[in-house]
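Observations on the three-dimensional arrangement
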Amino acid sequence: MVTEQQSELSEAQIAVHWREEEYDFPPAGFVAQANAADPEIRTRFAEERFPECFTEYADLLSWDARWQTTLDTSNPPFWKWFVGGRLNASYNCVDRHLATDRNKAALVWVPEPEADGTVAVTYQELYRRVNEFAALLRDFGRLRAGDRVTFHLPMVPDLPVSMLACARLGVIHSQVFGGFSGGACGERIADSGSRVLVTMDGYYRNGELVDHKVKADEAVARAAELGQPVDTVLVWRRHRGQYASRAPMVTGRDVFVDEVLRDYRDAVVEPVSMPAEAPLFLMYTSGTTAQPKGCQHSTGGYLAYVTGTSKYYQDIHPNDTYWCMADIGWITGHSYIVYGPLSLGTTSVLYEGVPTYPDPGRPWRIAERLGVTIFHTAPTAIRMLRKLGPDEPRQHDHHFKHMTTVGEPIEPEVWRWYRDVVGKGEAVVVDTWWQTENGGFLGATLPALEPMKPGSCGPGVLGVYPVIYDEHGDVVPAGSGKAGNICIRNPWPGIFETIWGQPERFVQIYYEKYCRNPDSTDWRDWPYFAGDGAVQAADGYFRILGRVDDVINVAGHRLGTKELESASLTVEEVAEAAAVPVIDEVRGRAVEMYVSLKPGVTASEGIERKVAQAIDTHIGKIARPMHVWIVPDMPKTRSGKIMRRVIAAISNFGDVGDTTTLSNPEIVDSIRHHVQAEKLARGQTPRQLTPQEADEIRKFGNAE
Ligand code: PRX
């Protein structure tokens with residue numbers, strides 16, 4: 001709650017009331033085998049050793065040419081790491097393990113249908129497949145280093161094979177989450193300028209063979225509308241030799257990969273030696289404006305960073321069986337399913353489907369059968385598995401040494417279930433805070449050396465120095481109990497290089513706010529603005545409170561309000577649209593849409609359905625709103641801007657606050673009555689918001 005006195009503070013300084021949780025210490029068995037067990041490691045990464053400390057990460061890689069400059073700051077904030085160095089990411093993730101680990105499984109693929117056996121892809125087999133597909137991309141796809149290729153692939157081994165084949169050629173891959181719509185994929189194709197799309201005919205999800213190729217046609221059409229022709233669509237087949245889609249293959253454009261690959265049997269492609277700062281891939285993420293941002297990640301800095309953090313924070317050893325249940329279509333999957341684990345030569349598990357299919361015991365059966373030692377997932381999945389199968393983990397004989405959580409704040413209650421029931425008290429839990437833009441972890445505990453604290457990610461990771469600033473750029477001190485904007489004071493090797501094609505936006509969104517001197521080439525003048533609210537306890541641990549911009553984090557995935565609103569506005573009858581977050585017990589946050597209609601149009605369920613459908617089509621099912629509310633008008637400021645915080649408060653049964661500045665205050669009661677009565681009638685009884693949740697809702701969309 002905000003007291004009189006605190007209400008005079010700036011937004012960023014709102015006091016946060018939460019109970020300080022007790023420390024929890026890692027099991028002795030974990031500590032005994034940990035990669036980072038010597039406290040000296042903190043000294044090696046102390047600030048006075050920056051940036052040279054990161055050579056320790058770069059030295060985990062095999063370089064064709066060693067770098068001359070560890071960090072080049074001559075053109076801030078476009079930092080360059082390991083300048084002069086040359087390497088190939090595919091060589092580092094595949095070839096270099098052949099001498100010792102040729103017959104070890106690099107990937108273990110678990111198809112969703114349980115009757116289908118798991119498929120192990122050894123490092124030797126991965127080498128063969130990556131080489132053959134690289135030859136196909138080069139000779140059939142006519143792709144060269146620096147070209148972009150868009151993938152729209154599900155969770156199948158063909159996805160890491162495709163990524164590593166691009167990396168082998170220096171071709172920049174851009175994987176679009178398979179659950180995204182064809183339209184969303186098309187926009188990313190156009191933005192990245194890809195003329196080749198790699199897709200799959202179908203995949204299993206929740207027991208159904210989903211027709212996926214149909215989205216490729218929509219994607220190509222959308223990209224063409226935006227001025228980007230796609231001349232080649234490479235279609236992997238879920239079942240070799242069978243076609244799972246209703247969409248016809250387009251002659252001259254579409255080919256089945258398995259057929260074309262016959263021409264490249266046993267082809268060997270020399271890995272292209274790339275400069276450290278050459279882009280490895282693009283990963284699109286949502287931001288404050290309608291257009292998704294293509295985060296450009298580098299080859300050397302990125303690979304060094306994910307390898308180092310996989311070693312010390314994920315505690316990956318070559319003989320582990322590591323399972324990250326994320327989708328490779330998100331940054332977590334790129335960094336911590338593919339690049340980090342494979343660079344370390346471990347076995348990485350890929351699961352095709354839904355964690356609760358066919359029942360919430362599925363993940364624990366997989367873990368038991370495969371002997372998974374490290375498990376990595378998101379709070380949303382943990383909440384869902386806890387809700388549907390609270391005792392399931394007890395029925396299985398799996399044993400984790402290490403468990404990660406990522407993507408959203410985790411409630412201490414849920415954290416404890418994860419540790420006690422999923423981890424059986426045997427595993428260390430590492431809460432990792434970071435973002436698509438960051439390449440790898442920013443805040444986390446070193447698992448053998450720093451105690452865990454439920455609900456807090458911990459201190460800045462090795463070589464990363466976070467700080468909390470208020471709106472004026474003053475430091476909010478640790479232990480003050482006040483929240484502010486978490487920033488990182490220094491560059492690190494995993495930071496993205498720019499927003500693809502939009503360097504001005506890159507500077508403006510992430511650096512302008514707290515830059516002390518735009519002419520300075522000293523990194524100390526360029527703190528990175530993460531866009532998250534956070535509070536730092538006296539012990540230096542950070543607790544992340546959520547986004548401070550108009551982004552809604554649904555199940556760990558960032559959805560831009562503007563994207564949701566633009567999609568709604570494609571419905572002919574809709575005049576105005578506003579997206580707000582609602583607290584959701586499983587997904588963290590869910591989306592509710594408010595729309596007002598054009599004059600003369602009558603509200604109907606049909607229009608509500610059309611809005612939901614438009615969001616499915618433009619973004620994907622992940623963004624589907626929980627409710628679409630048709631309202632006679634939006635609450636607006638006198639300058640005509642929609643006050644999202646007022647409708648967000650209504651959706652969450654929170655306090656709407658001061659509405660006297662609205663041009664139409666009378667509308668608030670009418671909307672509240674309509675929305676809340678309907679929710680109560682549907683049995684959606686509200687629970688009391690926690691003070692942090694109330695804060696978040698109160699600040700939502702406050703840019704207006
Ligand atoms: O708000 C933070 C939240 O997720 C955002 C980043 O989302 P995305 O780019 O999709 O990347 C997700 C996985 C790296 C952050 O700005 N977030 C991420 N991890 C945590 C978190 N919030 C609290 N605790 C975390 N561990």
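Every chain is numbered independently, its residues counted from 1 as its sequence is written. It should be noted that, the model being predicted, local features are given only for residues of pLDDT at least 70 and side-chain atom pairs only at 80 or more, the latter also being counted only at that level, while totals for whole chains, interfaces and linings use all residues. Processing note: side-chain calculations cover all non-hydrogen atoms of the structure and skip hydrogens and water entirely.

**Describing the sheet that holds strand β11 (residues 232–236)**
Pairing between two strands requires that DSSP report at least two bridges joining them. For helices the rule is a DSSP run of H or I covering at least 4 residues; for strands it is a run of E covering at least 2, with both sets numbered from the N terminus onward. Taking strand neighbours across the sheet as the criterion, the eight strands line up as β12-β11-β8-β6-β7-β14-β15-β23 in an open arrangement whose pairing is mixed. Where the open sheet ends on each side, the last strands, each with one partner, are β12 (254–256) and β23 (498–499). Bridge count between strand β14 (residues 279–285) and strand β15 (residues 293–298): six bridges; the pairing is antiparallel. Each bridged residue has a counterpart across the sheet, and for T285 the counterpart in β15 is K293. Of the strands in this sheet, β8 (196–200), β11 and β12 are in contact with helix α6 (residues 123–140), which crosses β11 at around 160 degrees. Here, two residues are considered to be in contact whenever any of their heavy atoms come within 4.5 Å of each other. Interaxial angles span 0 to 180 degrees and are taken between N-to-C directions of axes, which are lines fitted to C-alpha atoms, for helices over the stretch in contact.

**Comments concerning the pairing of strand β21 (residues 466–469)**
The alternating pattern of β21 places P466 and I468 on one face and V467 and Y469 on the opposite face, and all of these are buried. Relative to strand β22 (residues 483–488), β21 is paired through four bridges, and the arrangement is antiparallel. By the bridge assignment, P466 is partnered in β22 with I488. The rule is simple: take the accessible area with a 1.4 Å probe, protein chains only, and divide by the maximum for that residue type; under 20% is buried, over 50% is exposed, in between is partly exposed.

**With respect to the site of the ligand**
Being near a molecule or strand, for a residue, means having at least one of its heavy atoms within 4 Å of it. The ligand sits among 18 residues. The nearest are D431, T432, T436, D532 and R558. Contacts described as polar in this section are N or O atom pairs within 3.5 Å, which, within protein, must combine one atom able to donate a hydrogen with one able to accept it, while residues neighboring in sequence count only if both atoms come from side chains. Here P409 contributes a backbone N or O atom positioned 3.4 Å from a nitrogen atom of the ligand. The separation between an oxygen atom of the ligand and a polar side-chain atom of Q435 is 3.0 Å. Per-residue and other accessible areas follow the Shrake-Rupley method at a 1.4 Å probe size, with only the shown protein chains counted as cover for residues. When the ligand is considered free in solution it has 540 Å² of accessible area, and contact with the protein chains removes 96% of it. Polar here means any residue outside two lists: the nonpolar Ala, Val, Leu, Ile, Met, Phe, Trp, Tyr, Cys and Pro, and the charged Asp, Glu, Lys and Arg; Gly therefore counts as polar. Partitioning the shell around the ligand into residue classes produces six nonpolar, seven polar and five charged.

**Topic: the packing of aromatic side chains**
Aromatic rings in a pair are described by how distant their centres are and how their planes are angled relative to each other. Aromatic rings from Phe, Tyr and Trp, taking only the six-membered ring of Trp, are treated as a pair when their centres fall within 6.5 Å; an angle between ring planes under 30 degrees marks them as stacked, one over 60 as edge-to-face, and anything in between as tilted. Taken as a whole and judged by the stated rule, the model has 44 aromatic pairs. Plain terms: the ring middles of F54 and W81 are 5.6 Å apart, the flat faces sit at 85 degrees to each other, and that makes the pair edge-to-face. Linking F54 in the loop between α2 (40–44) and α3 (55–58) with W81 in strand β2 (residues 80–83), this pair joins segments that are 27 residues apart in sequence. Cluster of aromatic residues (ring-pair linked, three or more members): F45, F50, F54, Y57, W63, W67, W81, F82, Y305, Y312, Y465 and W523. Geometry around F256 places R237 over its ring, the cationic atom sitting 3.6 Å from the centre. Sitting over the ring of F529, K513 keeps its end group 5.7 Å from the ring centre. Only when the NZ atom of a Lys or the CZ atom of an Arg is both within 6 Å of the ring centre and within 35 degrees of the ring normal do we say a charge sits over the ring.

**With respect to the pattern of salt bridges**
We define a salt bridge as a side-chain nitrogen of Lys or Arg found within 4 Å of a carboxyl oxygen belonging to Asp or Glu. Using the criterion set out here, one finds 58 salt bridges in the structure. R589 is the partner of E696 in a salt bridge, and the nearest nitrogen-oxygen pair spans 2.8 Å. Placement of E696 in helix α21 (residues 691–699) and of R589 in strand β29 (residues 588–597) is noted, with a sequence separation of 107 residues between them. There is no split in this pair, since E696 and R589 are both buried. Among the salt bridges present, the one from R682 reaches E678, with a minimum N-O distance of 2.8 Å. The exposure class of E678 is partly exposed, given its relative accessible area of 29%. Residues joined by salt bridges that share partners form a network here, namely E114, D359, R362, R365 and R369.

**A look at the confidence of the model for the protein chain**
Across the protein chain, pLDDT averages 94, with 96% of residues at or above 70. The pLDDT value expresses, per residue, how confident the predictor is, ranging between 0 and 100. Here α21 stands out as the element of the protein chain with the lowest mean pLDDT, 84, in contrast to helix α4 (residues 89–93), whose mean of 99 is the highest. A low-confidence stretch, residues 1–12 stays under pLDDT 50, and its non-local contacts, those more than four residues away or across chains, total 22 contacts.

**Thoughts on the packing of helix α14 (residues 379–388) against helix α15 (residues 412–422)**
One way to put it is that α14 packs onto α15 with a least axis distance of 10 Å and a crossing angle of 75 degrees. When the axis of α14 is compared with that of α15, the two are roughly perpendicular. From α14, I382, R383, L385 and R386 reach across to α15, where they touch E413, V414, W417 and Y418. Residue composition of the contact of α14 with α15, grouped by class: five nonpolar, no polar and three charged. Oblique is the label for any angle not covered by the other classes, which are roughly parallel (under 35 degrees), roughly antiparallel (over 145) and roughly perpendicular (65 to 115).

**Here we look at the sheet that holds strand β5 (residues 119–122)**
Strand order in the open sheet made by the seven strands is β5-β4-β17-β16-β18-β19-β20, with mixed pairing throughout. Each edge of the sheet is formed by a strand with only one pairing partner; in this case those strands are β5 and β20 (428–432). Ignoring which end each strand starts from, the neighbouring axes of this sheet average 20 degrees apart. Where strand β4 (residues 105–110) and β5 come together, four bridges link them in antiparallel fashion. Across the sheet, the residue bridging to A105 is T122, located in β5. Strands in contact with α6 are β4 and β5; relative to β5, the strand with the most contacts, it is inclined by about 80 degrees. The sheet contacts of α15 involve β18 (374–377), β19 (402–406) and β20, and relative to β19 the element is tilted by about 155 degrees.

**Observations regarding empty space enclosed by the protein**
The definitions used throughout rest on a 1 Å grid laid over the protein atoms alone, on which a cavity is an enclosed set of points accommodating a 1.4 Å probe that cannot get out and a pocket is an open set flanked by protein within 12 Å on both sides along at least five of seven lines; lining residues are those having an atom within 4 Å of a point. Grid points are joined across faces, edges and corners, and a volume is the space filled by probe spheres set on the points. Inspection of the entire model under this criterion finds four cavities of 30 Å³ or more. Reported here for the largest cavity is a volume of approximately 70 Å³. When the residues that make up the lining of the largest cavity are grouped by side-chain class, the tally is six nonpolar, two polar and three charged.

**Quick word on the side chain of E408**
The residue E408 is located in the loop between β19 and α15 in this model. Its relative accessible area of 7% is what places E408 among the buried residues. Within the local environment of E408, its side chain forms a polar contact with the side chain of T380, the two groups lying 2.6 Å apart. Beyond its immediate stretch of four places on either side in the chain, E408 contacts A378, P379, T380, R383, N553, A555, G556, R587 and G588.

**A few points about helix α18 (residues 605–618)**
Multiplying 1.5 Å by the residue count of a helix minus one yields the expected span of that helix. Taking 1.5 Å of rise per residue, 14 residues should cover 20 Å, and α18 covers 20 Å from first to last C-alpha, within 8% of that figure. Every buried residue of α18 is accounted for by I607, V611, A612, A614, I615 and D616. Turning to α18, the residues buried within the fold contact α17 (561–568), β28 (574–584), β29 and β30 (627–630). G620 sits one or two positions beyond α18 and adopts a positive phi of about 140 degrees.

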